[in-house]
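# Working through the structure, step by step
The residues making up each chain are set out below.
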Amino acid sequence: MTTATTPARAAARPPAPAVHARAKRSGLGKRLELVVLLGPALLVFAGFVLVPIGIAAFYSLFKWNGFGALDDFVGFDNYADAFNGKVFQSAIVHNLIIAGLSIVVQLPLSIGLAMLLNRKLRGRAVLRALVFAPYVLSEAITAVIWSLMLQPGAFADQVLKAVGLGGAVHQWLADPGIVLYTMFAVITWKYIGFGIILLLAGLQGVPAELREAAALDGASAWQTTRHVVLPLLGPTIRIWIFLSVIGSLQLFDVVWIMTTGGPANASTTMATYLIDHGFKRYEFGFGSAVAVILFVICFLFALLYQRFALRRDTQGALTRMVG
């Protein structure tokens, strides 16, 4: 019986060349699908990201005012002038201060408010909407509103005087010692809603069974938060830190409209310094060098953060997807 059925099974198998041709066609179809689906996005990315970066890097090698031919080649002198300039050094420090304050102040505040709004409160939906509302406003509107409220004798000063804190009144936008922190307060009001919504989404992924199990084991509310909730919020917190630092390094709109980097460059950021020299002073070559420096700083931070902070999160996501 075995001798009779073996030839039949062998005849039923397709010839090896046919299988190879079918696999080849399948591979070609997958490549064509990738080209069709990714091609337009890659073209847009190249046209609006890669090409402008290349053009900026090219212009940064010239001393050029934006008009006429590119004749005055200066090499890397623009980069040296930027790094040696005290104003640009201060701008980098200001960006780093904003980034550090975002992590130290905004992150704990966002976590606390997110946990509060995650509870079953009366009017919780309204409170969430109110917290998120400033993020919906454009940066220009936010800057104009706060510029008016922070004028001498305006709304902010009147509120402080009304609650008995008249001694805390300052020239919020004209005092070099506090203007940067005033900017940070405005930025916190503007963007903290995004962090809260992001963390609220992360809290939805924390199983209630784990909290109940911790409570049965005798853990207090603080111990449950510290040892159960916060570790499970780790991936969301790391994403928030990444977005916050990148946003702090690229900070421009609010600062430019409210102070234009002043007074005395006390609130200058790398982006405002770039616009000031590149467009107001018509130093397009120098401004392009500053733009390249800003891009490299953000790119290096993104690579290092991906390598050391986000790697395990993405690996876990890929593992779950494959599984």
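Structure's up top.
Residues numbered from 1 in each chain as written. Predicted model: local features only at pLDDT ≥ 70, side-chain atom pairs only at ≥ 80, totals over all residues. Heavy atoms only, no water.

## Overview of the overall build of the protein chain
Using the following cut-off: Under the DSSP-based scheme used, a helix requires at least four consecutive residues in state H or I and a strand at least two consecutive residues in state E, with every element numbered from the N terminus. Partly exposed describes any residue whose relative accessible area lies between the buried limit of under 20% and the exposed limit of over 50%, with all areas from a 1.4 Å probe on protein chains only and scaled to the type maximum. Throughout, a residue-residue contact means that at least one pair of heavy atoms, one from each residue, lies within 4.5 Å. To be clear on the numbers: accessible area is Shrake-Rupley with a 1.4 Å probe, and residue cover counts the displayed protein chains and nothing else.
Regarding its fold elements, the protein chain presents 15 helices and 0 strands. Burial status across the protein chain gives 33% buried among its 323 residues. The contacts of the protein chain with a sequence gap of at least 6 include a subset with a gap of at least 24, amounting to 67%. Surface exposure of the protein chain reaches about 19,700 Å², of which carbon and sulfur atoms provide 69%.

## Section: unusual backbone geometry
Most peptide bonds take the trans configuration, and most residues that are not glycine carry a negative phi. For the peptide bond that leads from G262 to P263, omega is -5°, which places it in the cis range. Looking at the element boundaries, P263 is found in the loop between α12 (253–258) and α13 (270–280). Although it is not a glycine, N265 adopts a positive phi angle of roughly 60°. Take N265: it is sitting in the loop between α12 and α13. With a phi angle near 55°, Y282 is a residue other than glycine that sits in the positive phi range. Take Y282: it is sitting in the loop between α13 and α14 (284–308).

## Quick notes on the packing of helix α8 (residues 179–204) against helix α11 (residues 234–249)
Note the threshold: Between the N-to-C directions of two axes lies an angle of 0 to 180 degrees, each axis being a line fitted to C-alpha atoms and, for a helix, fitted only over the stretch in contact. Angle categories: roughly parallel below 35 degrees, roughly antiparallel above 145, roughly perpendicular from 65 to 115, and oblique for all the rest. Left-handed is the label given to a crossing in which the near helix is rotated counterclockwise from the far helix by less than a right angle, and right-handed is the label when the rotation is clockwise. Residue polarity is assigned by list, with Asp, Glu, Lys and Arg as charged and Ala, Val, Leu, Ile, Met, Phe, Trp, Tyr, Cys and Pro as nonpolar; anything else, Gly included, falls into the polar class.
The contact between α8 and α11 brings their axes to 9 Å, and the two run at 160°. As the angle between them shows, α8 and α11 are arranged roughly antiparallel. In terms of crossing hand, the pair formed by α8 and α11 is right-handed. For the pair α8 and α11, the contacting residues are F194, G195, L198, L199 and G202 in the first and T236, I237, I239, W240 and L243 in the second. In terms of residue class, the contact of α8 with α11 is built from 7 nonpolar, 3 polar and no charged.

## Looking at helix α6 (residues 139–149)
Basically, it comes down to this: Summarising the geometry, the arc corresponds to the directions from the helix axis toward the C-beta atoms.
Every buried residue of α6 is listed here: T142, A143, W146, S147 and M149. Along α6, the residues classed as buried sweep out an arc of 165° about the axis, all on the same side.

## Quick notes on the environment of L249
Inspection of the secondary structure puts L249 in helix α11. Taking the relative accessible area as the measure of exposure, L249 reaches 5% and is therefore buried. In this structure the C-alpha to C-alpha distance between L249 and F295, which are 46 residues apart in sequence, comes to 9.7 Å. Each residue touching L249, except ones within four places of it in the same chain, is listed here: N95, L96, M270, L294, I297 and C298.

## A few points about a nonpolar patch on the surface
Note the following rule: Each patch is built from residues lacking any salt bridge and having more than 30% relative accessible area; the joining distance is 9 Å for like charges and 5 Å for nonpolar side chains (Val, Leu, Ile, Met, Phe, Trp, Tyr). For salt bridges, the criterion is a side-chain nitrogen of Lys or Arg within 4 Å of an Asp or Glu carboxyl oxygen.
Taken together, the side chains of L32, L34, V36, L37, L38 and L42 present a nonpolar region at the surface, about 620 Å² in accessible area. The residue L34 is located in helix α2 (residues 16–59) in this model.

## So, the nonpolar core
Here is the rule we go by: Buried Ala, Val, Leu, Ile, Met, Phe, Trp, Tyr and Cys residues that are joined via side-chain atoms within 4.5 Å together make up what is termed a nonpolar core.
Among the nonpolar cores identified, the biggest contains 37 residues, and F88, I237, I241, M270 and V290 are the most heavily contacted of them. The residues contacting M270, other than those within four sequence positions of it, are F88, A91, I92, N95, L249, V290, L294 and I297. Listed in part, the 18 residues of the second largest apolar core include L160, I187, L251 and V254.

## Observations concerning the packing of aromatic side chains
Worth spelling out the cut-off: Any two rings among Phe, Tyr and Trp, with Trp reduced to its six-membered ring, count as a pair given centres within 6.5 Å; such a pair is stacked if its planes are under 30 degrees apart, edge-to-face if over 60, and tilted if neither. Over a ring means this: the NZ of a Lys or the CZ of an Arg is within 6 Å of the ring centre and within 35 degrees of the ring normal.
In total, this model carries 21 aromatic pairs according to the counting rule given. Ring centres of W64 and F284 lie 6.1 Å apart, and the angle between their planes is 55°; on these two criteria the pair is classed as tilted. Here the residue W64 occupies a position in the loop between α2 and α3 (77–84), and F284 occupies one in helix α14, the gap between them amounting to 220 residues. By relative accessible area, F284 is classed as partly exposed at 23%. Through successive ring pairs, a cluster of aromatic residues spans F58, Y59, F62, W64, F67, F73, F279, Y282 and F284. Its end group placed over the ring of F308, R307 keeps NZ or CZ at 5.2 Å from the ring centre.

## Section: the side chain of T259
Considering the arrangement of structural elements, one finds T259 in the loop between α12 and α13. Residue classification places T259 among the buried positions, given a relative accessible area of 11%. Apart from residues lying up to four places away in sequence, T259 is in contact with L173, V179, M183 and S267.

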